[in-house]
There are 2 protein chains.
Amino acid sequence: VIIAAKRAGRPNEFQGPETRRADQSCPFCAGQEHRTPPPTAVYHSGMAGGSSGLWQVRVVPNLFPALQEPGPFAPQHHGPYQWSRGVGVHEVLIESPRHVAHMSQQSDEEIDLTFRAYRDRIQAAGQVAGVAHALVFKNAGPAAGASLEHAHSHLTATPMVPALVREEMDGVRRHDRQYGRCVFCDMIQQEQRDLIRVLERTAHFIAFCPFASRFAGETWILPLQHACHFQQTSDECLPELGRLVRRSVQRLENALGRPAYNYVIHTAPFDIECKDHYHWHIEILPRIAKAGGFEWGTGYFINSVPPEEAALALRTVTPS
Amino acid sequence: VIIAAKRAGRPNEFQGPETRRADQSCPFCAGQEHRTPPPTAVYHSGMAGGSSGLWQVRVVPNLFPALQEPGPFAPQHHGPYQWSRGVGVHEVLIESPRHVAHMSQQSDEEIDLTFRAYRDRIQAAGQVAGVAHALVFKNAGPAAGASLEHAHSHLTATPMVPALVREEMDGVRRHDRQYGRCVFCDMIQQEQRDLIRVLERTAHFIAFCPFASRFAGETWILPLQHACHFQQTSDECLPELGRLVRRSVQRLENALGRPAYNYVIHTAPFDIECKDHYHWHIEILPRIAKAGGFEWGTGYFINSVPPEEAALALRTVTPS
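One structure accompanies this document, and this report is about it. The structure presented is a predicted model; accordingly, all values stated were derived computationally and were not measured.

On a plain count of helices and strands, chain A comes out with 6 helices and 14 strands. At 20 Å, chain A has a C-alpha radius of gyration in line with the 20 Å of a compact globule built from 320 residues. Here the C-alpha coordinates of chain A stretch approximately 55 × 55 × 45 Å along the principal axes. Among the 320 residues that make up chain A, the fraction classed as buried is 56%. For chain A, the share of sequence-separated contacts (at least 6 apart) that also reach a separation of at least 24 residues comes to 68%. When the accessible surface of chain A is summed, it comes to about 13,200 Å², and 52% of that surface belongs to carbon and sulfur atoms.

Below you can see the structure in the form of structure tokens.
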């Protein structure tokens, strides 16, 4: 658990009955740069051919960080408890200078630069002393934990490998020991055989509703070729990936009326011993049903829409 | 993951802008008994001295069950996946014949009979062939996963010990091997030493905000005396416990304006080898902040209210 009293001070556009208009109240819009800390990275239009003025994607330290302290990470004991200062990094990636809330409103260039920023910032986090793992995620809509509607993502970096990533790696290792194969590669193969849960396949990626979907419309995107680190995705493949993610989110927007959702890039720890022990992937999690006591008491999930039905519905709404 | 397509059909009072009035539309009110399946248990007023007509607490099979199939539990393989029919039990405990939504509106007798029903129904689930564990929980408010506002709880029973309970037991065993003591007993001792997170202590129970609170105002209630099975709580202690839970929920109602919340009874599997390996407890989880991509990507939680501050605020609102 991260106790981050500073986060209590952040603005919340969603508390009123109506979300606010695009005006001076949004600190992420062009012209409001003075309201965020100095950027750690800025991406301009047509970057390949040189900067052309206005930024398209802007990365800043989070003003209300969950983690912000420099290392070292040195847990202290207090009776049966352990605690430490909040060592780590927390950045915000602002994905457009315009006040847009939905991925379908973002231009190709904004998407391409956003995914390039994901890769670059994960690589930069890997250079910070004591950082073991970096996570990139997006919270879209108040039910998904967002406090501002302007399109943005987060990067957090932690001095330990998160519990969930360790569990996934344990699962990969167990399957590898038993069958001598990567379980994610096996899933990709099975999905292409069954086809009923697949949404789309591109040259290098596949999108499908996982067999054990926790959420109605849950969508996973994986590289067809085994790879453990998202940040090693090539310049050529990044736009293909970013647009596949946008199309997958658009399917949800169209089928479910712009639901709240999270997406999360699951990538291996920086110092993974063996690349066989992880297969990076992106999970898109629509947040329609609310987790209840069953979920909190078991660690299991109840989902009332079978992934085969969800995939059928999502395939039939053609993303624009 | 439980895929329960039947649950998609359940009524949802919370979908409109206003929750419905207490009228014929509530299937849990007295007079609407024909709209639920025949009860598996019924508790009447003044039961000790014989039935006096109207029921106070009524337990029925869930009409939209997450689990309902008889055993045996026999997982099948499909490529790299495993699945099984939804073997288990899912009951609803209706906690009042009147249309009340909040614990503060429930009478002492309703609370006492509700907690007696929790105990009895867990014991009954333990008699079902193939059941390994039973969970009792309450979802209050739409943000906590409730679809009806009439005060009610759930009992689910599963053929396997839930992942989260197994994790807790592993933690207890690890602490026991290292220190020769129950970690929950150690927490109780530490809380009584620190005092700053304690809400209340009764003759047999303690209520406090845990050191690593995942949610603002999270409250745990534990028996002071080590015990692994909730269902072994004595007739004398049950009313003391039920009213402590009600007072703890009332503190949240008063301090936070009747927030959505879940509470969950964490009890040991039926066939636990050694009673040292678990300490039953109740977790009350206010659902104000929304979990976001950080939580889904790490398994960790961000909480912007330190438990010491939450406890201070909750102590000062005296429950009626």
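This brings us to helix α2 (residues 163-179) of chain B. Residue and element names in this part refer to chain B. Taking 1.5 Å of rise per residue, the 17 residues of α2 would be expected to cover 24 Å, and the 24 Å separating its terminal C-alpha atoms lies within 8% of that figure. If you check which residues of α2 are buried, you get V165, E168, M169, G171, V172 and H175. The arc enclosing the buried residues of α2, seen along the axis, measures out at 155°, which places them on a common side. Projecting away from the buried face of α2 at angles above 90 degrees are the exposed residues R174, R177 and Q178.

This paragraph deals with the interface of chain B and chain A. Taken residue by residue, the interface counts 63 residues in chain B and 63 residues in chain A. When chain B packs against chain A, the two sides together hide about 5,100 Å² of surface, and 70% of this comes from carbon and sulfur. On the surface where chain B and chain A come into contact, there are 0 salt bridges. The interface formed by chain B and chain A includes 26 residue pairs in polar contact (both at pLDDT 80 or more). Taken together, the elements giving at least two residues each to the side of chain B that touches chain A come down to β1 (2-3), β5 (81-83), β7 (133-140), α2, α3 (183-194), β12 (261-266), α5 (293-298) and β14 (302-303) of chain B. Ranked by the residues each element gives to the side of chain B that touches chain A, the list is headed by α2 of chain B, at 6 residues. Looking at the side of chain B that touches chain A, its residues break down into 35 nonpolar, 18 polar and 10 charged. Pairing geometry for strand β1 (residues 2-3) of chain A and β14 of chain B, over 2 bridges, is parallel. Each bridged residue has a counterpart across the sheet, and for I2 of chain A the counterpart in β14 of chain B is I302 of chain B.

So, about the relation of the copies chain B and chain A. Between chain B and chain A, which share one sequence, the superposing operator has a rotation angle of 180° and an axial displacement of 0.0 Å; the RMSD is 0.0 Å. The relationship between the two copies is best expressed as a two-fold rotation axis. In terms of proximity to the rotation axis, the leading residue of chain B is A143 of chain B, whose C-alpha is 4.4 Å off the axis. Here 100% of the contact residues of chain B are again contact residues in chain A; the copies associate through an equivalent surface.

Turning to the packing of aromatic side chains, a few remarks are in order. Counted under the stated rule, the structure contains 24 aromatic pairs over all chains. Between W296 of chain A and F215 of chain B the ring centres are 5.1 Å apart and the planes differ by 85°, which places this aromatic pair in the edge-to-face class. Within this pair, whereas W296 of chain A is found in helix α5 (residues 293-298), its partner F215 of chain B is found in the loop between β10 (205-208) and β11 (219-223), the two belonging to separate chains. Residue W296 of chain A shares its accessibility class with F215 of chain B, and that shared class is buried.

What follows is about the environment of E308 of chain A. Residues and elements named next belong to chain A. Take E308: it is sitting in helix α6 (residues 307-316). The class for E308 is partly exposed, based on a relative accessible area of 26%. Distance in space between the C-alpha atoms of E308 and C209 is 7.5 Å, their sequence separation being 99 residues. In this structure E308 touches I196 and R197, once residues within four positions along its chain are discounted. A polar atom in the side chain of E308 sits 2.8 Å from the side chain of R197.

A few words on the packing of helix α1 (residues 108-126) of chain A against helix α4 (residues 237-256) of chain A. Two numbers describe a pair of packed helices, the interaxial angle and the distance between the axes. Residue and element names in this part refer to chain A. Contact geometry for α1 and α4: axes closest at 9 Å, N-to-C directions at 115°. With respect to each other, α1 and α4 are oriented roughly perpendicular. Judged by the twist between their axes, the crossing of α1 over α4 is right-handed. Seen from α1, the contacting residues are D108, I111, D112, F115, R116 and R119; seen from α4, they are L238, P239, L241, G242, R243, V245 and R246.

All right, on to the pairing of strand β12 (residues 261-266) of chain A then. All names here are of chain A. Where burial is concerned, most of β12 is hidden: 6 out of the 6 residues are buried. Taking every second residue as pointing to the same face, both faces of β12 are buried, with Y261, Y263 and I265 on one and N262, V264 and H266 on the other. As paired elements, strand β7 (residues 133-140) and β12 share 5 bridges and run antiparallel to each other. Counterpart to A140 in the pairing with β12 is Y261. Bridge count for β12 against strand β13 (residues 281-286) is 6 bridges, and the pairing is antiparallel. Within the sheet, the bridge partner assigned to Y263 lies in β13 and is I284.

With that out of the way, let us pick up the pairing of strand β10 (residues 205-208) of chain A. Residues and elements named next belong to chain A. On β10, burial covers both faces: F205 and A207 on one face and I206 and F208 on the other are all buried. Sheet topology note: the strand β9 (residues 198-201)/β10 ladder contains 3 bridges and is antiparallel. Residue pairing across strands places V198 opposite F208, the latter belonging to β10. Between β9 and β10, which follow one another and run antiparallel, lie 3 residues. Inspection of the sheet shows β10 paired to strand β11 (residues 219-223) by 4 bridges, in the antiparallel sense. When the sheet's bridge partners are listed, F205 is paired in β11 with P223.

Cut-offs used in this document
- Residues numbered from 1 in each chain as written.
- Chains lettered and ligands numbered in written order.
- Predicted model: local features only at pLDDT ≥ 70, side-chain atom pairs only at ≥ 80, totals over all residues.
- Heavy atoms only, no water.
- Helix = DSSP H or I, 4+ residues; strand = E, 2+ residues; numbered from the N terminus.
- Rg over C-alpha atoms; globule rule 2.2 N^0.38 Å.
- Buried < 20%, exposed > 50% of the residue type's maximum accessible area, 1.4 Å probe, protein only.
- Contact = heavy atoms within 4.5 Å.
- Areas by Shrake-Rupley, 256 points an atom, 1.4 Å probe, with all protein chains shown as cover.
- Expected span 1.5 Å × (residues − 1).
- Arc of directions from axis to C-beta.
- Buried area = accessible area lost by both parts, 1.4 Å probe.
- Salt bridge = Lys/Arg side-chain N within 4 Å of Asp/Glu carboxyl O.
- Polar contact = N/O pair within 3.5 Å; in protein donor to acceptor, adjacent residues only side chain to side chain.
- Nonpolar A, V, L, I, M, F, W, Y, C, P; charged D, E, K, R; others polar.
- Pairing = 2+ DSSP bridges.
- Least-squares fit on C-alpha atoms with pLDDT ≥ 70 in both.
- Phe/Tyr/Trp six-rings, centres within 6.5 Å; stacked < 30°, edge-to-face > 60°.
- Axes fitted to C-alpha atoms, helices over the stretch in contact; angles between N-to-C directions.
- Parallel < 35°, antiparallel > 145°, perpendicular 65-115°, else oblique.
- Left-handed = near helix turned anticlockwise from the far one by under 90°.

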